[in-house]
Structure formats: structure tokens, C-alpha cells
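Structural features, examined
For reference, the chains in residue letters:
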Amino acid sequence: MTSSPLLLAQSLLRCPSVTPEEGGALAFIEGVLKEAGFEVHRPVFSEPGTPDVENLYARYGKSEPHLLFAGHTDVVPPGDASRWAHDPFSGEIHGGELYGRGAVDMKGGIACMMAAALDFIRANPDFKGSIGFLITGDEEGPAINGTVKLLEWAKDRGERFDHCILGEPTNPNQLGDMIKIGRRGSLTGRITVEGKQGHVAYPHLADNPIPGMMRLLSGLLSEPLDHGTEHFDASNLEVTSVDVGNPASNVIPAEARATFNIRFNDLWTPQSLEEEIERRLREAAGNTVRYTLTMDPTNAVAFLTPPNAFVGFIADAIKAETSWQPKLSTTGGTSDARFIVKYCPVVEFGLVGQTMHQIDERVPVADLGRLTGIYRKVLDAYFTASP
């Protein structure tokens, strides 16, 4: 049973687990954790119209507190493999860096979690508490048959978690830069302005929807949604598409469509935000613009894990290992933390994300050792003085 983060990471990188394929990655993790004494389960979840997805849940120990490590072994496609300096599924080392799809997002992080847990258990086989692993194969895909259902499955079995570390690559430049203690929510809306098609030479016989759309979008963007909070930046609304589907320059279009996305902080819920959008559109439309608004369903709600003893354990471990005082951040997109937070407080900390999803995704071998050291220090602190 190896506890080398490098060897564990290489083994995982050699598994072609492009969403939704398991590719051998979960089977490898199962074998390593079972050998260390974990009870391991491999539930498969299904949903009509989506691919079946394999997942993994493992636990060592029966008592509280229960610290959960979470992550995903599925990866995005490597693209044109001939453009990589090394085969994307070879786990090659060159210049002190480990190459491969998923090196930082996030097989490298999972390897470090495993290495730290194995080392801790070897040194403390009878510690008071439990260590869990919740690993999905559906984070980079639809995220339907993965973490959401795996958490429900675990809850139905009576599993309870006290805290969770999600190993997403949180650091922008160097290991120790940033801990994610929350995430913004995401809400998408679609506006359609109704007009009447006609010839541009006879505008009185038509109704151009474009000026109306301009009024509506101006109304949405005229004032900021908010000015941020103690831990969150200001919410931002971005218009991502405006389209009339009109290939002719001498035809007034029948309708105009626009799409916008809002990344919102904890001042808002999807419902309160939708109400604000509707208010702004009504004011901008007056009695002249005919439009419809639809809001896409969302499971991405803003959340925050307030700085507390658990966050302190992680920050202290990072500083001890790297000499850096990490920034506590809520920036970036969504992650599976938005699902986990419904079950326990969750903090995200992993590798440096500069090359994730890129050709030649790679991680410094030294960072694997340092991240393992950080996780190991967190385990020591957590089970010595539970938060």
C-alpha cells in the first residue's frame, strides 16, 4: 500500500476517465482504500436521458467527528493528443512536473488526500473519529448522477458528516494562495421582445423589437445589483447573447432575444433576484415594449462557510507548510461544494489551477508533496481538537 502522492497521482492519470467513463480511476481508489481498512461502496446512478455514472464512497472509522474528503475523478477531453508534450494519459514527469489530463483538476488533489489519509491512519490506527472519501465521476459533465445523488445515498444510509474538504484547484498562482470558503450563485435569464416583421422601407407597417430590447437591457444594467459584502464581491449581471436571427439587411425582424447570466452573492436568493429582474424590466418596458422573461432552473445558490476553527486548521496548515497566509475567497465559478454545503460546512483547497483544462495540464511534483503535507497537518489538528 503506497502513500506516495506522486505514485498515486500517476496511477490515476493513467486512467482515461473522461466524463462519464470511469476509466479505472475509481477501481484504483477502491483497491488502495480497501487495503488500508476503509469500507468502500461503488454506487451507480442513472437518470433518463443522461449516462449512467459510477461513484465511490469510503469510510474509515465509526465514531465522530467525521471529516470528509470530496472530489471527482472524471476529466474533460484532452483534445488533440498530438499537441501535448507528453501523452495526456501517460503520467509522464518532465522538468520536475507531472503531466496529464486531470493533474490539477483534480486527480492530483485526490492523490494528495489519499496519501495524507493513509499516512495518518498508519500513524494513528485507533484515532477517535472517521475519515471519509466522496468521489464522483460526474463533475465535469451534467452533474446529475454524481455528487447530488451520492450525498442523498449516503444520507439514506445514515451517514453524517461534520466537515468537508473539497480538493478543487483553488490557488491562482502558487500553492497556499487561496482557500475558497464560499461560492457565488449562478442564475440565467432569457428575454424575448416581440415585434412585427416588415420591410425597412415601410417601418410604419412593422414593429422593430431591437429598440425595445435595448431599453430592457439598459434597464437591467443601469444600476449595480449590490456593492458586495464582507466576504463576497458585488454581484454581476452579464449579457451573454443578443440575437434576432435575421440574415437580411432590408428586413425588420419579428423578435429579438437576449440571454444574461448573474453571478450573485449571499445578499440574494434565486427567487429574490428574479423578483428584482422582473421589477427592472417592468420599469424599462413601460407600456410600450412587449416581452417575455424566462429564468432557467438553478441549483447554484450562494453560500458561505464563515471563518471558524475548521477554516483556521486549514489556514494554519497552509502557513506551516508553505509560509503563506492564504486569502479567504469566494471568487470563481461553481463547484460541487454547492451540493455538499447542504450536508455540512465545506471548504475548498487544492492545487494551483493555471493549467486546468489546458493542453499540457501539469503540476509540480513538489506541490504534490506540499499539498499532502497540508492535508496531513489538517488531519492532525482536526482529530486532536475537533472544531
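Residues numbered from 1 in each chain as written. Predicted model: local features only at pLDDT ≥ 70, side-chain atom pairs only at ≥ 80, totals over all residues. Heavy atoms only, no water.

**A short note on the packing of aromatic side chains**
Selection rule: By convention, a stacked pair of Phe, Tyr or Trp rings (six-membered ring in the case of Trp) has centres within 6.5 Å and planes under 30 degrees apart, an edge-to-face pair has planes over 60 apart, and any other such pair is tilted. Each residue is placed in one exposure class: buried if its accessible area under a 1.4 Å probe, protein chains only, is under 20% of its type's maximum, exposed if it is over 50%, and partly exposed if it falls in between.
Tallied over the entire structure, the rule returns twelve aromatic pairs. Ring centres of Tyr382 and Phe383 lie 5.1 Å apart, and the angle between their planes is 80°; on these two criteria the pair is classed as edge-to-face. For the pair Tyr382 and Phe383, one class covers both residues: buried. Here the aromatic cluster, defined as three or more aromatic residues joined through ring pairs, consists of Phe38, Tyr60, Phe69, Phe120, Phe127, Phe133, Phe310, Tyr375, Tyr382 and Phe383.

**Let's talk about the packing of helix α1 (residues 5-13) against helix α3 (residues 107-123)**
For clarity, the threshold we go by: Note on geometry: axes are C-alpha line fits, over the in-contact stretch for helices, and angles between N-to-C directions span 0 to 180 degrees. Helix numbering and strand numbering both begin at the N terminus, where a helix is a DSSP run of H or I of at least 4 residues and a strand a DSSP run of E of at least 2. When describing relative orientation, an angle under 35 degrees is termed roughly parallel and one over 145 degrees roughly antiparallel, while 65 to 115 degrees is termed roughly perpendicular and anything else oblique. Crossings are sorted by hand: turned counterclockwise from the far helix by less than a right angle, the near helix makes the crossing left-handed, and turned clockwise it makes it right-handed. Whether two residues are in contact is decided by their heavy atoms: any pair within 4.5 Å suffices.
As a packed pair, α1 and α3 sit with axes 8 Å apart at the nearest point and diverge in direction by 140°. Classified by the angle between their axes, α1 and α3 sit oblique to one another. Read as a crossing pair, α1 and α3 show a hand that is right-handed. Contacts between α1 and α3 pair Pro5, Leu8, Ala9, Leu12 and Leu13 from the former with Lys107, Gly108, Ile110, Ala111, Cys112, Met114 and Ala115 from the latter.

**A closer look at the side chain of Thr330**
For clarity, the cut-off: Within 3.5 Å is the distance limit for a polar contact, defined as a pair of N or O atoms, with the added protein rule that one can donate a hydrogen and the other accept it, and that residues adjacent in sequence qualify only through two side-chain atoms.
Position of Thr330 among the secondary structure elements: in the loop between β19 (327-329) and α8 (337-340). Among the polar contacts listed, one links the side chain of Thr330 to the backbone oxygen of His231, at a separation of 2.6 Å. Beyond its immediate sequence surroundings of up to four residues, Thr330 is in contact with Ile181, Gly182, Arg183, Arg184, His231, Phe232 and Leu304.

**A few points about the layout of surface pockets**
We apply this condition: Within this scheme a cavity is a closed region of a 1 Å grid, computed over the protein atoms alone, that accommodates a 1.4 Å probe without allowing it to escape, whereas a pocket is open but has protein on both sides within 12 Å along at least five of seven lines; lining residues each have an atom within 4 Å of a point. Grid points are joined across faces, edges and corners, and a volume is the space filled by probe spheres set on the points. Three classes are used: nonpolar for Ala, Val, Leu, Ile, Met, Phe, Trp, Tyr, Cys and Pro, charged for Asp, Glu, Lys and Arg, and polar for all others, with Gly counted as polar.
In this structure, the largest pocket spans a volume of roughly 170 Å³. Contributing to the lining of the largest pocket are Asp105, Glu139, Glu140, Glu168, Pro169, Lys180, Arg183, Gly333, Thr334, Ser335, Met356 and His357. Class assignment of the residues belonging to the lining of the largest pocket gives a composition of two nonpolar, four polar and six charged. In this structure, the second largest pocket encloses a volume near 150 Å³.

**Focus on the nonpolar core**
To be explicit about the condition: To qualify as a nonpolar core, a set must consist of buried Ala, Val, Leu, Ile, Met, Phe, Trp, Tyr and Cys residues joined through side-chain atoms within 4.5 Å.
Phe38, Ile131, Phe133, Ile314, Phe349 and Tyr375 are the most contacted members of the largest nonpolar core, which totals 60 residues. Elements that contribute at least two residues to this core include exactly α1, α2 (25-35), β4 (56-60), β5 (66-72), α3, β8 (130-136), α7 (309-322) and α9 (365-384). With eleven residues, α3 is the single largest residue contributor to this core.

**Focus: the sheet that holds strand β21 (residues 362-364)**
Consider a sheet: its strands pair through backbone hydrogen bonds, and that pairing is either parallel or antiparallel. Here is the rule we go by: Here, a strand pair is defined by DSSP locating no fewer than two bridges between the strands.
Read across the open sheet, the three strands follow the order β6-β7-β21; overall the sheet is antiparallel. If you trace the sheet from one side to the other, it starts and ends with β6 (93-94) and β21, each paired once. Inspection of the sheet shows strand β7 (residues 97-99) paired to β21 by three bridges, in the antiparallel sense. For Glu97, the partnering residue across the bridge sits in β21 and is Pro364. On top of the sheet, α1 reaches β6 and β7; it is set at about 20° to β7, its chief contact. Along the sheet face, α9 touches β6, β7 and β21 and points at about 70° away from the line of β21.

**Some words on empty space enclosed by the protein**
Considering all chains together, one arrives at one cavity of 30 Å³ or more under this definition. Together, Pro20, Glu21, Glu22, Leu26, Glu54, Thr73 and Gly137 line the largest cavity. Residues of the lining of the largest cavity, tallied by class, amount to two nonpolar, two polar and three charged.

**Some thoughts on the pattern of salt bridges**
What counts is decided by this rule: A side-chain nitrogen of Lys or Arg and a carboxyl oxygen of Asp or Glu constitute a salt bridge if their distance falls within 4 Å.
Using the criterion set out here, one finds 23 salt bridges in the structure. One salt bridge connects Arg157 with Glu39, and the closest N-O pair in it is separated by 3.6 Å. Placement of Arg157 in the loop between α4 (147-156) and β9 (163-166) and of Glu39 in strand β1 (residues 39-41) is noted, with a sequence separation of 118 residues between them. Residue class for Glu39 comes out partly exposed when judged on its relative accessible area of 36%. One salt bridge in this structure joins Glu276 and Arg279, with 2.7 Å as the shortest N-O distance. Here Glu276 and its partner Arg279 are both found in helix α6 (residues 270-285), three residues apart, which amounts to about one turn of the helix. Among the residues examined, Arg279 registers a relative accessible area of 32% and is labelled partly exposed.

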